[in-house]
Amino acid sequence: MKILISGIKILSTLLITGAIALEVWELTVASLPPVFDWVIFIARFALISHLVEAIAAVFFARRRGGNLLKAGIYTLFVGTVGLLEIIGGDRDGLLSSEP
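None of the values given here were measured: they were computed from a predicted structure. (Residues numbered from 1 in each chain as written. Predicted model: local features only at pLDDT ≥ 70, side-chain atom pairs only at ≥ 80, totals over all residues. Heavy atoms only, no water.)

## Comments concerning the overall build of the protein
Item 1. Secondary structure summary: the protein contains four helices and zero strands in total.
Item 2. In sequence order, the protein lays out its α and β elements as α-α-α-α.
Item 3. Residues counted as buried form 29% of the 99 residues belonging to the protein. (Helix = DSSP H or I, 4+ residues; strand = E, 2+ residues; numbered from the N terminus. Buried < 20%, exposed > 50% of the residue type's maximum accessible area, 1.4 Å probe, protein only.)

Below, the structure is given as structure tokens:
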């Protein structure tokens, strides 16, 4: 189970990083051909849902006295798995205030 969760974390981080890069490309450099509209839609949906999870993680971290920025950024990239870690307890030291 631990290997599956680690794989989800890695895959999620790569896909969200790609979605961010795609958004930056779309907004600054040039628009992609219409064939890729569905890819942009999925990337935006994933970014918005991860952002909502990150906001929820910040509220849970604040309630437990943890590092808000660290919890928010971690959950933004990892998603639901990171949010569940923060809600479930401090297994990896995510909520500690120390650097």
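## Examining helix α3 (residues 68-78)
Item 1. Restricting attention to buried positions, one finds in α3 the residues Ala71, Gly72, Tyr74, Thr75 and Val78.
Item 2. Those residues of α3 hidden inside the fold are in contact with α1 (2-29), α2 (37-64) and α4 (80-88).
Item 3. For α3, the N-terminal cap is Asn67; the gap from its side-chain oxygen to the backbone nitrogen of Leu69 is 3.3 Å.
Item 4. Looking one or two residues past α3, Gly79 carries a phi angle of roughly 90 degrees, positive in sign. (Contact = heavy atoms within 4.5 Å. Polar contact = N/O pair within 3.5 Å; in protein donor to acceptor, adjacent residues only side chain to side chain.)

## Brief notes about the confidence of the model for the protein
Item 1. Across the protein, the average pLDDT comes to 87, with 89% of residues at or above 70.
Item 2. Here α4 stands out as the element of the protein with the lowest mean pLDDT, 89, in contrast to α3, whose mean of 95 is the highest.
Item 3. Segment residues 95-99 is flagged for pLDDT under 50; beyond a separation of four residues in sequence, or across chains, it makes 14 contacts in the model. (pLDDT = per-residue confidence, 0-100.)

## Some remarks on the nonpolar core
Item 1. In terms of nonpolar packing, the biggest core is built from five residues, these being Ala57, Ala61, Ala71, Leu83 and Ile86.
Item 2. Where this core is concerned, the elements lending two or more residues are α2 and α4. (Core = buried A, V, L, I, M, F, W, Y, C linked by side-chain atoms within 4.5 Å.)

## Things to note about the packing of α3 against α4
Between two packed helices, both the angle of their axes relative to each other and the distance between the axes serve to describe the pair.
Item 1. Two numbers describe how α3 lies on α4: the axes approach to 6 Å, and their chain directions differ by 140 degrees. As the angle between them shows, α3 and α4 are arranged oblique. Contacts from Ala71, Tyr74, Thr75 and Val78 in α3 reach Thr80, Val81, Gly82, Leu83, Glu85 and Ile86 in α4.
Item 2. Taken together, the residues of the contact of α3 with α4 sort by class into six nonpolar, three polar and one charged. (Axes fitted to C-alpha atoms, helices over the stretch in contact; angles between N-to-C directions. Parallel < 35°, antiparallel > 145°, perpendicular 65-115°, else oblique. Nonpolar A, V, L, I, M, F, W, Y, C, P; charged D, E, K, R; others polar.)

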